[in-house]
Amino acid sequence: EDPSLERHFKGHRDAITSVDFSLNKKQLASGSMDSCLMIWSMRPQMRAYRFVGHKDAVMCVQFSPSGHLVASGSRDKTVRLWVPSVKGESTVFKAHTATVRSVHFSSDGQSLVTASDDKTVKVWTVHRQKFLFSLSQHINWVRCARFSPDGRLIVSASDDKTVKLWDKTSRECIHSFCEHGGFVNHVDFHPSGTCIAAAGTDNTVKVWDVRMNRLLQHYQGNAVVNSLSFHPSGNYLVTASNDSTLKILDLLEGRLLYTLHGHQGPATCVAFSRTGDLFASGGSDEQVMVWKTNFDAADYGDVLKTQKSGTSVHGTHHTLQSEMDCDVHLKKTKTQDSGRNHAQQEEETSLANTLEHIVGQLDVLTQTVSILEQRLTLTEDKLKECLENQQKIIQNKTS
C-alpha cells in the first residue's frame with residue numbers, strides 16, 4: 001500500500017522550518033519562521049499548544065528521547081528547552097553569536113549538539129544546562145549537526161560544502177567529506193551508526209560509509225533537497241525538496257520508491273516517527289502534514305523479498321492529493337488531558353523509561369554486533385594471509 005496523507009495541521013503563520021515526533025507518537029512539534037513553536041496532539045479534538053518565547057524565527061525543534069523536553073534553536077541566537085505542557089515554560093541557552101540552525105539530543109538524552117551561522121558546532125549538557133565545548137573548523141554557516149546513535153561521533157553539514165565527522169571525546173575532526181557540489185543543508189546518521197546521508201543544494205542525496213569514509217550511494221534529484229530522515233529499520237530514506245515533493249528512497253535497492261505531492265511550494269522539513277509507521281512534513285505553505293508510511297514493520301521482510309524476486313513495488317511517481325483537512329482550532333478550550341490521574345501518568349512515564357532503556361540496550365547490542373563484524377573481517381584477512389604464506393612456503397619447497 002502506498003504512503004497516504006493522514007492529518008493536516010494549520011496554525012502557523014509563516015513557513016515551517018522543522019518537525020519532530022515524540023517517542024510515544026502522541027505529540028508532534030513544529031518550528032516556524034513565525035517565531036513560534038507548536039506542539040500538536042496526534043489525538044483528534046485535542047488542542048494544540050503554541051509556545052512563544054523566541055524573539056525571531058524558530059529554525060529547528062526536537063523532542064528529547066524521553067519526550068519530556070523539546071529543544072529549539074532560533075534566529076535570535078538562542079537555544080531554548082521547553083517542557084511540552086500547558087504552561088510552556090522554557091530555559092534559555094546562550095553561547096552562539098548568530099542564528100542557531102540545528103538542535104539534536106544524544107540518544108541518552110544527556111547532551112545537546114547545536115549548529116549555527118557563527119560557523120561553530122556546540123555541545124551542551126542538558127541537565128546542568130551548561131555549554132561544554134565548540135567544534136570550529138567549518139569556514140561558513142553550519143546548517144546541521146547530529147550525534148551518532150552511540151553518541152561517540154558528531155556529524156555536521158555546512159555552507160562550506162563539506163560534511164565533517166568529529167570524535168566527541170577527543171573533539172577532533174576525523175574526516176571531511178568534500179564531494180558536494182553545493183551547500184549541505186542536512187545530514188543524519190543511519191540507525192546502525194555505520195553511515196550518514198547528506199542533502200544538498202546541488203539537488204543530491206549522498207550516503208557515505210563512516211568506517212571506510214567512502215561514498216556508498218548517490219541520488220540525483222531535480223531540485224534542492226532541504227531535509228531528510230532515515231526510517232528506523234534503516235531500509236528507507238525520506239527527503240523534502242524545493243519542488244514541493246517528498247521522496248521515499250529504497251536504500252537496499254538504491255532507487256526511488258515514491259514521489260509524494262501535498263505541499264504548495266517548497267517542502268522544507270521531514271521526519272519519521274520513532275517507530276517508522278508515520279512521517280511528518282512541513283512546507284513554506286505554513287502547513288504541517290502527517291503521512292502514514294504503510295510499509296509496516298511486519299512487511300519490511302516481505303517488501304524486500306518481493307523486490308528481490310523482481311516484482312518491484314510500483315508507484316514511483318505516485319501523487320497524493322487527498323487533502324484531509326483536520327483544521328486544528330487554537331481556541332482556549334480546556335485540555336481534556338488535565339483530568340488524567342497521576343497514576344496513569346506515572347505508569348506512562350515508567351513505561352517510556354523502560355522502553356528507552358530497552359532501546360538503549362538494543363543500541364549496545366547493535367554496537368557489539370558491529371564490533372564483532374569488524375573483528376571477524378580482521379580475522380578472515382589474517383587467515384587469508386596465513387594461507388597465502390603457507391602456499392608460498394610449499395611452492396618454495398617443491399621448487
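Along each chain, the written sequence defines residue order, and numbers are assigned to residues from 1. Note on the predicted model: pLDDT of at least 70 is required for a residue's local features to be given, and 80 or more for side-chain atom pairs to be given and counted; whole-chain, interface and lining totals, by contrast, use all residues. Based on all heavy atoms of the structure, the side-chain values leave hydrogens and waters out of the count.

## Focus: the confidence of the model for the protein chain
Then, number 1: pLDDT expresses how confident the predictor is about each individual residue, on a scale running from 0 to 100. Per-chain confidence: the protein chain averages 85 in pLDDT, with 84% of residues scoring 70 or above.
Then, number 2: Contact criterion: two residues are considered in contact whenever any of their non-hydrogen atoms come within 4.5 Å of each other. Residue range residues 301–340 is modelled with pLDDT below 50. Its contacts to residues more than four positions away, or to other chains, number 75 contacts.

## A few points about the side chain of Ser-158
Then, number 1: Helix and strand assignments follow DSSP, with helices taken as H or I runs no shorter than four residues and strands as E runs no shorter than two, numbered in order from the N terminus. Turning to its location among the elements, Ser-158 is positioned in strand β15 (residues 153–158).
Then, number 2: In this scheme, a residue with accessible area under 20% of its type's maximum is buried, one over 50% is exposed, and one in between is partly exposed, where area comes from a 1.4 Å probe on protein chains only. A residue is classified by how much of its surface remains accessible, and Ser-158, at 0% relative accessible area, is buried.
Then, number 3: Beyond its immediate chain neighbours, meaning those up to four positions away, Ser-158 contacts His-138, Asn-140, Trp-141, Val-142, Arg-143, Phe-183 and Val-184.

## A closer look at the sheet that holds strand β16 (residues 163–167)
Sheet strands pair via backbone hydrogen bonds, and the direction of the pair is either parallel or antiparallel.
Then, number 1: Should DSSP find at least two bridges between two strands, the strands are regarded as paired. Taken in spatial order, the 4 strands of this open sheet run β14-β15-β16-β17, and their pairing is antiparallel. The open sheet terminates on both sides in strands that have one partner only, identified here as β14 (142–147) and β17 (173–177). Each strand of the sheet is rotated relative to its neighbour by a mean of 15°, with strand direction disregarded.
Then, number 2: Taken together, the 5 bridges between β15 and β16 define a ladder with antiparallel strand orientation. Directly across from Ala-157, in β16, lies its bridge partner Val-163. Axes here refer to lines fitted to C-alpha atoms; in helices the fit is confined to the stretch in contact. Angles between the N-to-C directions go from 0 to 180 degrees.

## Some remarks on the UniProt feature "repeat: WD" (unreviewed entry) in the protein chain
Then, number 1: UniProt positions are given in the numbering used here, feature names are shortened, and annotations may be inferred rather than shown by experiment. In the numbering adopted here, UniProt assigns the feature "repeat: WD" (unreviewed entry) to residues 9–50, 51–82, 93–134, 135–176, 177–218, 225–259 and 260–292.
Then, number 2: Between the C-alpha atoms that bound residues 225–259 there is a distance of 13 Å. The span itself is 0% helix and 66% strand.

## Remarks on the side chain of Thr-268
Then, number 1: With respect to the helices and strands, Thr-268 occurs in strand β26 (residues 267–272).
Then, number 2: Residues within four places of Thr-268 in sequence aside, it is in contact with Ile-16, Thr-17, Asn-226, Ser-227, Ala-240, Gly-282, Gly-283 and Ser-284.

## So, the pattern of salt bridges
Pairs may arise between side chains of opposite charge once their charged atoms sit close together.
Then, number 1: By convention in these notes, a salt bridge is any Lys or Arg side-chain nitrogen within 4 Å of a carboxyl oxygen on Asp or Glu. Under the counting rule described, the total for this entry stands at 11 salt bridges.
Then, number 2: With a closest N to O distance of 2.9 Å, Asp-159 and Arg-143 form a salt bridge. Of this pair, Asp-159 sits in the loop between β15 and β16 while Arg-143 sits in strand β14, placing them 16 residues apart in sequence.
Then, number 3: For the salt bridge of Asp-209 with Arg-211, the shortest nitrogen-to-oxygen distance reads 3.6 Å.
Then, number 4: Accessibility expressed as a relative area gives 5% for Asp-209, which makes it buried.

## A few points about the sheet that holds strand β2 (residues 16–21)
Then, number 1: Strand order in this open sheet of 4 strands is β2-β3-β4-β5, and the pairing throughout is antiparallel. Either end of the sheet is taken by a strand with one partner, and the two such strands are β2 and β5 (49–52). Across this sheet, the average inter-strand angle for adjacent strands is 20°, counted without regard to direction.
Then, number 2: Pairing of strand β3 (residues 27–32) with strand β4 (residues 36–41) involves 5 bridges; the strand directions are antiparallel. Within β4, the position partnered with Ala-29 by the bridge is Ile-39.

## Description of unusual backbone geometry
Then, number 1: Even without being a glycine, Lys-25 presents a positive backbone phi close to 65°.
Then, number 2: Along the chain, the position of Lys-25 falls in the loop between β2 and β3.
Then, number 3: Phi at Asn-203 takes a positive value of approximately 65°, unusual for a residue other than glycine.
Then, number 4: Summarising the element assignment, Asn-203 is placed in the loop between β19 (195–200) and β20 (204–209).

## A word on a negative patch on the surface
Then, number 1: Patches in this entry comprise residues that are over 30% relatively accessible and not in a salt bridge; like charges within 9 Å are linked, as are nonpolar side chains (Val, Leu, Ile, Met, Phe, Trp, Tyr) within 5 Å. Only the protein chains shown count as covering a residue, and every accessible area follows the Shrake-Rupley method with a 1.4 Å probe. Charge counting follows a simple rule: Lys and Arg are positive, Asp and Glu are negative, and His as well as the terminal groups are ignored. Working definition for charges: the position is that of NZ of Lys, CZ of Arg, CG of Asp or CD of Glu. Side chains of Glu-380, Asp-381, Glu-385 and Glu-388 sit close together on the surface and give a patch of like negative charge.
Then, number 2: Within the fold, Glu-388 resides in helix α2 (residues 342–398).
Then, number 3: Given the relative accessible area of 42%, Glu-388 is considered partly exposed.

## What to know about a nonpolar patch on the surface
Then, number 1: Residues Leu-351, Leu-355, Ile-358, Leu-362 and Leu-365 make up a contiguous nonpolar surface patch of about 490 Å² in total accessible area.
Then, number 2: Assessed through its relative accessible area of 43%, Ile-358 is described here as partly exposed.

## With respect to the pairing of β15
Then, number 1: When you tally the buried positions in β15, you get 6 out of 6 residues, the bulk of the element.
Then, number 2: Adjacent in sequence and paired antiparallel, β14 and β15 are bridged by 5 residues, among which Gly-151 carries a positive phi angle near 75°.
Then, number 3: Where β15 hands over to β16, the hairpin turn is made up of 4 residues, of which Lys-161 adopts a positive phi near 70°.

## Regarding the environment of His-186
Then, number 1: Mapped onto the fold, His-186 is located in strand β18 (residues 184–189).
Then, number 2: Along the chain, His-186 and Arg-143 lie 43 residues apart, while their C-alpha atoms are 6.6 Å from each other.
Then, number 3: Within the structure, the side chain of His-186 is placed 3.4 Å from the backbone oxygen of Leu-228, a separation counted as a polar contact. Nitrogen and oxygen atoms within 3.5 Å of one another constitute a polar contact, given that in protein one can donate a hydrogen and the other can accept it, and given that sequence-neighbouring residues count only through two side-chain atoms.

## Quick notes on the packing of aromatic side chains
Then, number 1: When the centres of two rings from Phe, Tyr and Trp lie within 6.5 Å, Trp using its six-membered ring, the rings pair. Their planes under 30 degrees apart give stacked, over 60 give edge-to-face, and anything left gives tilted. The tally for this structure, following the rule as stated, stands at 9 aromatic pairs.
Then, number 2: Measuring from centroid to centroid gives 4.0 Å for Tyr-236 and Phe-295, while their planes differ by 20°, and the two rings are stacked. In this pair, Tyr-236 sits in strand β23 (residues 236–241) while Phe-295 sits in the loop between β28 (287–292) and α1 (299–308), placing the two residues 59 residues apart along the sequence. Pair check on accessibility: Tyr-236 and Phe-295 agree, each one buried.
Then, number 3: Clustering of aromatic rings is evident, with ring pairs tying together Tyr-49, Phe-51 and Trp-82.

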